[in-house]
Amino acid sequence: MKRAIGLLIGTLSLISTTPTLAFDSKACSIWLCLPTGFPSGCGEAKSEFKKRITRGKSPLPPFVSCLVKSAPSTTLPQSNITSTEGKAAFIPERKKCVKSQIIHQSNDSDRTVCVQFETIAAHAIKNTSCVVSQPKDGRPTYSPAGCSTTIRYIDTYMDGKPYGDTYYFDSSGNEINL
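Residues numbered from 1 in each chain as written. Predicted model: local features only at pLDDT ≥ 70, side-chain atom pairs only at ≥ 80, totals over all residues. Heavy atoms only, no water.

*Asks:* Explain helix H3 (residues 43–54) here, please?
*Replies:* One full turn of an α-helix is made of 3.6 residues, so residues set three or four places apart face in the same direction. For H3, built from 12 residues, the straight-helix expectation of 16 Å at 1.5 Å per residue is met to within 8% by its first-to-last C-alpha distance of 17 Å. Within H3, burial applies to Ala-45, Glu-48, Phe-49, Arg-52 and Ile-53. Seen along its axis, H3 keeps its buried residues to an arc of 135°; they face one direction. Opposite the packed face of H3, turned more than 90 degrees from it, sit the exposed residues Glu-44 and Thr-54. Positive backbone phi, approximately 80°, marks Gly-56, located one or two places after H3. (Helix = DSSP H or I, 4+ residues; strand = E, 2+ residues; numbered from the N terminus. Expected span 1.5 Å × (residues − 1). Buried < 20%, exposed > 50% of the residue type's maximum accessible area, 1.4 Å probe, protein only. Arc of directions from axis to C-beta.)

Given below as structure tokens:
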């Protein structure tokens, strides 16, 4: 991972600061900060990320717009940096009954109660939206089961290999930790 960060920094060091190239340092810094979850020092990049999302833009600018048109005389390793983004069905943490028992009640009826639960961690199903169907005469159904909303995600890649963790976020660009 350290090598990958070094390659990315080396590649991003080719970024031009010349205003005539329409280079946007805040937007381009998203490429550096997003794969590492916007750590300390990435406040401007995260603000720009959120601004792009709320304005209906792609969360990331085209990577090529962040590069110098002609490479400097020094030879640095070149990497192919890409991303994929999409929607995901968010399923919040929940408890699932894994063991139940029947209890006989005094009125000669039986009742089933859960005696052991398992916690299922919050997770997301990529490339799937959460769909809520509300029949007129019944309870709503959720597909996939247990989902509560649709969120978005971005995966980043360096030379075709995952670079950083999947970054999940809501419609305002706020991170969703899974």
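The rest of the description comes next.
*Asks:* Explain the pattern of salt bridges to me, please; I cannot follow it from the model alone.
*Replies:* Opposite charge on two side chains makes pairing possible when the charged atoms of those side chains draw close. All told, the structure shown has three salt bridges when counted by the stated rule. Between Arg-152 and Glu-85 there is a salt bridge, with the nearest N and O atoms lying 3.3 Å from each other. With Arg-152 in strand E7 (residues 149–158) and Glu-85 in strand E1 (residues 81–91), this residue pair connects regions lying 67 residues apart in the sequence. (Salt bridge = Lys/Arg side-chain N within 4 Å of Asp/Glu carboxyl O.)

*Asks:* Explain the state of the cysteines here, please?
*Replies:* Here a disulfide denotes a covalent bond joining the sulfur atom of one cysteine to the sulfur atom of another. Within the structure shown, the criterion is met by four disulfides. Through a disulfide, Cys-97 is tied to Cys-114; the S-S separation comes to 2.2 Å. Between Cys-97 and Cys-114 the disulfide shows an S-S torsion of about 110°. By sign, it is right-handed. Of the two residues, Cys-97 sits in strand E2 (residues 94–104) while Cys-114 sits in strand E3 (residues 110–120), which places them 17 residues apart along the sequence. Disulfide partner of Cys-130: Cys-147, at an S-S distance of 2.1 Å. Its S-S torsion of approximately 75° makes the covalent link between Cys-130 and Cys-147 right-handed. Taken as a pair, Cys-130 in the loop between strand E4 (123–126) and strand E5 (131–133) and Cys-147 in the loop between strand E6 (141–143) and E7 lie far apart in primary sequence, 17 residues in all. When the cysteines of the protein chain that form disulfides are numbered from the N-terminus onward, they connect as 1-4, 2-3, 5-6, 7-8. (Disulfide = S-S within 2.5 Å.)

*Asks:* What am I meant to see in the nonpolar core here?
*Replies:* Where a protein is soluble and globular, its nonpolar side chains tend to be buried together. Counting residues in each nonpolar core, the largest one holds 19 residues, and the members touching the most others are Ile-30, Leu-34, Phe-38 and Phe-49. The set of elements that each furnish at least two residues to this core consists of helix H2 (25–33), H3, E7 and strand E9 (167–169). Tallying contributions element by element places H2 first for this core, with four residues. Setting aside anything within four residues of it in sequence, one finds Ile-30 in contact with Pro-35, Phe-38, Ala-45, Glu-48, Phe-49, Arg-52, Pro-59 and Leu-60. (Core = buried A, V, L, I, M, F, W, Y, C linked by side-chain atoms within 4.5 Å. Contact = heavy atoms within 4.5 Å.)

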